[in-house]
Amino acid sequence: MSKNFFFRLLLALAWLAAAVLWLLSVVLPDTFGFFNLNWALVVICGTGGIAVLLRGLFAKKTGVLKKGDIFLGALLLIIAAVSFVFALALPKNYIWPIIAVIVAAAGVISVFATGGKKWDEADNQKVGYKDYRTRKAEEEAEKEKAEKNDRPEE
């Protein structure tokens with residue numbers, strides 16, 4: 001099994017569940033008449049958002065890719081939240097605070113996922129870093145010292 005098997009399976013099952021519920025809403029309108037496109041978006045985007053967010057949180061990737069997955073998951077969760085507001089016919093003034101909470105939570109999660117590291121932190125910014133010329137000069141000095149110790153005294 002590949003590493004992304006469960007991720008893909010979860011997304012495929014979400015699409016299947018939304019499609020089956022949509023079909024049931026057409027076939028049995030008395031029982032499943034509430035299900036519409038907004039609810040389908042809630043199911044698909046909500047499941048996809050959580051799956052992508054978890055993949056970004058737990059996958060062994062670089063910081064940029066982790067943050068990309070986390071914020072893509074947050075975007076899908078925003079779409080699901082907006083669809084949820086429209087599906088329940090809630091007041092539209094709930095949308096912006098929900099978006100703010102999701103984006104802020106994605107920021108906090110991305111800090112935990114990357115350990116607070118900057119995405120562009122290079123080796124030369126680390127303490128004790130020696131550039132190529134310094135390393136070569138040290139190697140030459142060690143080589144001369146070893147040759148000097150290996151030569152017999154004259």
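Keep in mind that this is a model prediction, so the values were computed, not measured.

1. Points about the overall build of the protein
Within the protein, the regular secondary structure consists of six helices and zero strands. Taken from the N to the C terminus, the helices and strands of the protein come in the order α-α-α-α-α-α. By sequence separation, contacts in the protein at least 24 residues apart represent 62% of the contacts at least 6 residues apart. Counting every atom, the protein has about 11,500 Å² of accessible surface; 66% of that belongs to carbon and sulfur.

2. Brief notes about the pattern of salt bridges
Enumeration according to the criterion identifies three salt bridges in this entry. Between Arg55 and Asp69 there is a salt bridge whose closest N-O contact spans 3.3 Å. With Arg55 in helix H3 (residues 37-58) and Asp69 in helix H4 (residues 63-87), the pair connects residues that are 14 residues apart, well separated along the chain. A relative accessible area of 22% means that Arg55 is categorised as partly exposed. Taking the shortest distance from any N to any O, the salt bridge between Lys136 and Glu139 comes out at 3.5 Å. A residue pair is termed a helical-turn pair when its members lie 3 or 4 positions apart in one helix, as Lys136 and Glu139 do in helix H6 (residues 132-150) at three residues. The class of Glu139 is partly exposed, set by a relative accessible area of 45%. The network of salt bridges with shared partners includes Arg55, Lys61 and Asp69.

3. Description of the layout of surface pockets
Roughly 270 Å³ of internal volume is contained in the largest pocket. Lining of the largest pocket is provided by Lys3, Asn4, Phe6, Phe7, Leu10, Ala51, Leu54, Arg55, Phe58, Ala59, Lys60 and Lys61. When contributions to the lining of the largest pocket are tallied by element, the ones reaching two or more residues are helix H1 (5-27) and H3. Top contributing element to the lining of the largest pocket by residue count: H3, with four residues. Its residues assigned to classes, the lining of the largest pocket shows seven nonpolar, one polar and four charged.

4. Points about a nonpolar patch on the surface
Taken together, the side chains of Trp22, Leu23, Val26, Val27, Leu28, Leu37, Leu41, Leu72, Leu75 and Ile79 make up a nonpolar region of the molecular surface, amounting to roughly 930 Å² of accessible area. The set of elements that each furnish at least two residues to the nonpolar patch consists of H1, H3 and H4. Sorting elements by how many residues they give to the nonpolar patch places H1 first, with four residues. Along the chain, Ile79 turns up in helix H4.

5. Some details on the nonpolar core
One finds Leu53, Ile70, Ala74, Ile78, Ala81, Val85, Ile95, Ile99, Ile102, Ala106 and Ala113 forming the largest nonpolar core, which totals 11 residues. Put simply, the parts of the chain that give this core at least two residues each are H4 and helix H5 (95-114). Setting aside chain neighbours within four positions, we find Ala106 in contact with Ile70, Phe71 and Ala74. Counting residues in hydrophobic clusters, the runner-up holds six residues, among them Trp39, Ala40, Val42 and Ile44.

6. Focus on the environment of Lys130
Locating Lys130 in the fold gives a position in the loop between H5 and H6. Lys130 sits in the partly exposed class, given a relative accessible area of 37%. With residues up to four places along the chain from it excluded, the contact list for Lys130 reads Arg135 and Glu138.

7. Focus: the packing of H3 against H4
Two numbers describe how H3 lies on H4: the axes approach to 7 Å, and their chain directions differ by 160°. When the axis of H3 is compared with that of H4, the two are roughly antiparallel. When the axes of H3 and H4 are compared, the crossing they make is left-handed. In the contact of H3 with H4, the residues fall into 18 nonpolar, seven polar and three charged.

Calculation rules
- Residues numbered from 1 in each chain as written.
- Predicted model: local features only at pLDDT ≥ 70, side-chain atom pairs only at ≥ 80, totals over all residues.
- Heavy atoms only, no water.
- Helix = DSSP H or I, 4+ residues; strand = E, 2+ residues; numbered from the N terminus.
- Contact = heavy atoms within 4.5 Å.
- Areas by Shrake-Rupley, 256 points an atom, 1.4 Å probe, with all protein chains shown as cover.
- Salt bridge = Lys/Arg side-chain N within 4 Å of Asp/Glu carboxyl O.
- Buried < 20%, exposed > 50% of the residue type's maximum accessible area, 1.4 Å probe, protein only.
- 1 Å grid on protein atoms, 1.4 Å probe; cavity = no way out; pocket = protein on both sides within 12 Å on 5 of 7 lines; lining within 4 Å.
- Points joined across faces, edges and corners; volume = space filled by probe spheres on them.
- Nonpolar A, V, L, I, M, F, W, Y, C, P; charged D, E, K, R; others polar.
- Patch = residues over 30% accessible without salt bridge, like charges linked within 9 Å, V, L, I, M, F, W, Y side chains within 5 Å.
- Core = buried A, V, L, I, M, F, W, Y, C linked by side-chain atoms within 4.5 Å.
- Axes fitted to C-alpha atoms, helices over the stretch in contact; angles between N-to-C directions.
- Parallel < 35°, antiparallel > 145°, perpendicular 65-115°, else oblique.
- Left-handed = near helix turned anticlockwise from the far one by under 90°.

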